[in-house]
Amino acid sequence: MRAGHVCSVLASLMLLWLGVAAAQEASSWKTLSGNAPAIVAKGGFSGVFPDSSEDAYGFVQYASSPATILYCDVRLTKDKFGICLPDIKMDNCTDIADIYPQGQKTYLVNGVPTSGWFSVDYNLTELGQVPLMRSISSRTPRFDSNFNAILAVEDVQSKFKPPGIWLNVQHDRFYNQFNLSMRNYIISVSKRVVVNYISSPEVTFLSSLHGRVSNKTKLVFRFLDESTLEPSMNKTYASILKNLTFVKTFASGILVPKSYIWPTSSDNYLQLYTSVVDDAHKAGLEIYAADFANDFMLSYNHSYDPLAEYLSFIDNGVFSVDGVLSDFPVTPSEAIGCFANLNKSNTDHGKPLIISHNGASGDYPGCTDLAYQKAVDDGADVIDCPVQVTKDGVLVCMSSVNLMDGTTVARSQFASQTAVIKDIQNVRGVFTFNLTWDDIVKNLRPKISTPFTTYRLDRNPRYRNAGNFMRLSDFLDFTKDKDLSGIMISIEHAAFVVEELGFDMVDTVIKTLGDAGYNNQTAQKVMIQSTNSSVLEKFKQQTKYDLVYMINEEVRDAAPSSLTDIKKFASAVSVDTGSVFPESHHFTMYKTNLVQTLQNAGLSVYVYTLMNEFASQAYDFFSDPTVQINWYVTAAGVDGLITEFPATARRYKLNNCINMGNSTPVFMDPARAGDLMLTIVKSARPPALAPMPLLTDSDVAEPPLPPAKSNSNTPPTHSGATRMHVHASHILVLVILPMLFAWCSLV
């Protein structure tokens, strides 16, 4: 018995050891050292604040991993001080042209005549009058007014005490023209400041430091564009890349543009990854990837999700880079700290509920079979069908009643049928009820939505017209065997359709759902969404579906009387993102009480519409849709997310940093709405918002839907515009007939 007990204990210990070993293996990184990749903040948090500014460096500690390394592009002044500037031309990153308007010079930079303002013409005291500005003009200019002074290298260490400093020397040969030695400066400063990394694209410069700085300082050779000539060897960087054993003689690592690892095609789709990470590791070199910025154009494969891009470099199952250089260090912090090595097989239909918006319409044309399949594959809990009716009475899933919005009708033979129907919209359109189902299927193609064309942010252009239209019956057949918690049917313009076209959308939707068996199953709930209380009241009378009232305006709160009305016909409410975190000029101003008010009344709250493109987000979200989701879930407490990119929301639900309480990493702990705006000097802050309205019972209450004028559920063949023409003809006949009768009597 004792022997059996001992064997049992040994077996348990062995299983425990195997479990620990397996866990360690699962969590190990494919970096050269086996440690987590390094996060390097390029010029601090330069995606928001002026690069290399006190604001940028100081903000890193509030929104990034505590292990984040601060990066400084070193330039030399006339009096031999090293300063941090992102560009050798100061007019590209400071206000020097206004401070010293006569200071423009032309110098050779790597053999190329270059005009601008240069640090070598000024001493440190003179540059103390020059404020830093954003170096990328598309970013907000509001922080430029904060007068961030130029920082010396020593300032970065003394002011911020980072866990590591990375000095980059881009133009050593340039300074030699002015009898300035970057080599001497770097050796000198490394004796006063702990420098963890020194990088340069110049072989001779790095070689000159070898053995002359601390052996704890890593020398990193920086690769520029493959066709560019390395200035000291006169060889292209592509040719040097083929001889990494040579690089190992003077460096411990390499820094490469991210395209060296994941190249893209001419139309911006990912190609196969290269062997450069494996080649570097085989040569004993660490490899760091550069050029990461959330507000830059990403490959279409990443669906405008910067976190997905980082994960493709550090958690792809094949290789991991040893570090990333980023303008937005919050996102690699999330990737490394919370989103690597996720158990993606876990399907959880709990909060927050992920509801698609026209399927995965950020990746494929909305409401097509491709968009719906992608939404299912990406882990949506609920997929939606906005129902429209055709001329011959077919219910279809279509993002808009106006076919100009989501189809190629503008290039079809039906383009001449445009009309204005003020009960629907004030712009001309060709409407679903103008065409039959066959007209649509045989002559039109879907068209992907492109809400940010002014920013040149196209969506998946290879598939801009891909996919097939779906009737409501097709949609219901599709959803039956899918891993979904439910479906959502959205209905708009029901009163117009029944009054003007004689077609009862509510009755027909109920019948179609019944025919598909949705009244006799419990596996998937049916949600009906509408901005019209009259629609939901009719569903309430005839069904037991979950009813969702959509508030289609931005409101700050809901009056008690409106809550009483909503609860008569709905169990949930959809609210616009701006009703939760109102924005002024893309800065959040405050958090409203709307979500809490609705939830206290017993109503679930869904927020719409979330998109991945940085142009859709407040600056407070750092051009990162995961940060945005975290705000709405953690800070606002919404119950569901209506999104065009379900994959991003699904990954959020799987992250390793959920429910950590006081141990939540700083980069997963949302700031208060309005805090970022308060870091701007008062004179440059965005204007205050006008008071937002309160939702009242008069906003909610509507008369009941009128009955259909015809027993048939087939709409007449004319549009509202045509009906107006018919009424005018009747009036003309009534005027002419009496005149004819009078003339006849005279005759």
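Bear in mind the structure is a predicted one, so any value in this text is a computation, not a measurement.

Draft legend 1. Representation of the packing of helix H18 (residues 505-515) against helix H19 (residues 533-542) within the structure. Where H18 contacts H19, the axes come no closer than 10 Å and their chain directions differ by 45°. Here H18 lies oblique to H19, going by the angle between them. Regarding H18 and H19, the two cross each other, and that crossing is right-handed. From H18, Val506, Asp507, Val509 and Ile510 reach across to H19, where they touch Val535, Lys538, Phe539 and Gln542. The residue makeup of the contact of H18 with H19, split by class, is five nonpolar, one polar and two charged.

Draft legend 2. Main features of the pattern of salt bridges. Overall, the coordinates contain 27 salt bridges when judged by the stated rule. Taking the shortest distance from any N to any O, the salt bridge between Lys258 and Glu309 comes out at 2.8 Å. Highlighted residues: Lys258 in the loop between strand S13 (253-257) and helix H11 (276-282) and Glu309 in helix H12 (residues 306-314), separated in sequence by 51 residues. In this structure, Lys258 and Glu309 share a single accessibility class: buried. Members of the salt-bridge network, linked through shared partners, are Arg139, Asp295 and Asp327.

Draft legend 3. Looking closely at the pairing of strand S20 (residues 486-491). Summarising burial for S20: six of the six residues are buried, a large majority. Of the two faces of S20, the one carrying Gly486, Met488 and Ser490 and the one carrying Ile487, Ile489 and Ile491 are both buried. Relative to strand S21 (residues 525-530), S20 runs parallel, the two being bridged by five bridges. Paired with Ile487 across the bridge in S21 is Val526.

Draft legend 4. Highlighting the UniProt feature "domain: GP-PDE" (unreviewed entry) in the protein chain. According to UniProt, the "domain: GP-PDE" (unreviewed entry) feature falls on residues 37-336 and 352-653. Taken end to end, residues 37-336 is 27% helix and 21% strand, and its first and last C-alpha atoms sit 7 Å apart. Between the C-alpha atoms that bound residues 352-653 the distance is 8 Å, and the span itself is 29% helix and 19% strand.

Draft legend 5. View of the environment of Lys482. Relative to the elements of secondary structure, Lys482 occurs in the loop between helix H16 (472-479) and S20. As a C-alpha pair, Lys482 and Pro66 span 416 residues in sequence and 42 Å in three-dimensional space. Those residues in contact with Lys482 that lie beyond four places of it in its chain are Gln373, Val376 and Gln524. Side-chain polar atoms of Lys482 contact the side chain of Asp481, separated by 2.9 Å.

Draft legend 6. Examining the environment of Phe292 more closely. Counting through the fold element by element, Phe292 comes out in strand S14 (residues 286-292). Measuring from C-alpha to C-alpha, the distance between Phe292 and Glu202 comes to 22 Å, with 90 residues separating the pair along the chain. Not counting residues within four places of it along the chain, the set of residues in contact with Phe292 comprises Lys258, Glu309, Tyr310, Phe313, Val324, Leu325, Ser326 and Asp327.

Draft legend 7. Just unusual backbone geometry, in detail. Residue Pro352 is reached from Lys351 by a cis peptide bond, and omega for that bond is -10°. With respect to the helices, strands and loops of the structure, Pro352 is situated in the loop between helix H13 (330-339) and strand S16 (353-356). Tyr608 connects to Thr609 through a cis peptide bond whose omega is -20°. Turning to its location among the elements, Thr609 is positioned in strand S27 (residues 604-610). In this structure, Asn179 is a non-glycine residue whose phi angle is positive, near 55°. Looking at where Asn179 falls in the secondary structure, it is placed in the loop between helix H6 (172-176) and helix H7 (182-192).

Draft legend 8. Focus on the state of the cysteines. Following the criterion strictly, the structure yields three disulfides and no others. One disulfide in the model links Cys338 with Cys657; its S-S distance is 2.0 Å. With the S-S bond torsion at -90°, the cross-link from Cys338 to Cys657 turns out left-handed. Here Cys338, found in helix H13, pairs with Cys657, found in the loop between helix H23 (646-654) and helix H24 (675-678); they are 319 residues apart in sequence, far enough to count as distant. Cys657 shares its class with Cys338; the two are buried. Each sulfur of the disulfide joining Cys385 and Cys397 lies 2.0 Å from the other. Between Cys385 and Cys397 the disulfide shows an S-S torsion of about -105°. By sign, it is left-handed. A residue pair is termed long-range when its members are at least 10 positions apart, and Cys385 in strand S17 (residues 382-389) and Cys397 in strand S18 (residues 395-397) qualify at twelve residues.

Draft legend 9. Representation of the pairing of strand S2 (residues 69-76) in the model. Burial of S2 is extensive: eight of the eight residues sit out of reach of the surface. Along S2, one buried face is formed by Ile69, Tyr71, Asp73 and Arg75 and the opposite face, lined by Leu70, Cys72, Val74 and Leu76, is buried too. As judged from the three bridges shared by strand S1 (residues 38-42) and S2, these two strands associate in the parallel manner. When the bridges of S2 are listed, Val40 appears paired with Ile69. Taken together, S1, helix H2 (residues 54-63) and S2 form a β-α-β motif whose crossover is right-handed. As judged from the four bridges shared by S2 and strand S8 (residues 165-168), these two strands associate in the parallel manner. The residue bridging Asp73 from the neighbouring strand is Asn168, located in S8. Strand direction decides the pairing type here: S2 and strand S3 (residues 82-84), joined by three bridges, are antiparallel. Paired with Leu76 across the bridge in S3 is Gly82.

Draft legend 10. Fine view of H13. In terms of burial, H13 is a largely internal element, nine of the ten residues being buried. For H13, the set of buried residues is Val330, Thr331, Pro332, Ser333, Glu334, Ala335, Ile336, Cys338 and Phe339. At the exit of H13 stands Asn341, carrying a positive phi of roughly 55°.

Quick notes on the rules
- Residue numbers restart at each chain and count upward from 1, following the sequence in its written direction.
- Only residues with pLDDT of at least 70 are given local features in this predicted model, and only at 80 or more are side-chain atom pairs given and counted; all residues enter the totals for whole chains, interfaces and linings.
- Excluding hydrogens and water, the side-chain figures rest on all heavy atoms present in the structure.
- Helix axes are fitted only over the stretch in contact, all axes being lines through C-alpha atoms; the angle between N-to-C directions runs from 0 to 180 degrees.
- Where helices and strands are cited, they refer to DSSP runs of H or I of at least four residues and of E of at least two residues respectively, numbered from the N terminus.
- The labels follow the angle: roughly parallel below 35 degrees, roughly antiparallel above 145, roughly perpendicular from 65 to 115, and oblique for the rest.
- Note on convention: near helix rotated counterclockwise from far helix by under a right angle means a left-handed crossing. Clockwise means right-handed.
- The criterion used for residue contact is that any of the two residues' heavy atoms lie within 4.5 Å.
- Side-chain classes follow a simple rule in which Ala, Val, Leu, Ile, Met, Phe, Trp, Tyr, Cys and Pro form the nonpolar group, Asp, Glu, Lys and Arg form the charged group, and the remainder, Gly included, forms the polar group.
- In the sections that follow, a salt bridge refers to a side-chain nitrogen of Lys or Arg positioned within 4 Å of a carboxyl oxygen of Asp or Glu.
- Categorising residues by exposure relies on relative accessible area from a 1.4 Å probe, with only protein chains included: less than 20% of the type maximum marks a residue as buried, more than 50% marks it as exposed, and the intermediate range marks it as partly exposed.
- A pair of strands is labelled paired if DSSP reports no fewer than 2 bridges between them.
- UniProt positions are given in the numbering used here, feature names are shortened, and annotations may be inferred rather than shown by experiment.
- As used in this structure description, the phrase polar contact means that two N or O atoms lie within 3.5 Å; if the pair is within protein, one of them must be able to donate a hydrogen and the other to accept it, and residues adjacent in sequence are counted only when both atoms belong to side chains.
- When two cysteine sulfur atoms are found within 2.5 Å, that pair is recorded as a disulfide.
- Look down the strands so they point away from you; if the path from the first strand over the helix to the second goes clockwise, the crossover is right-handed.

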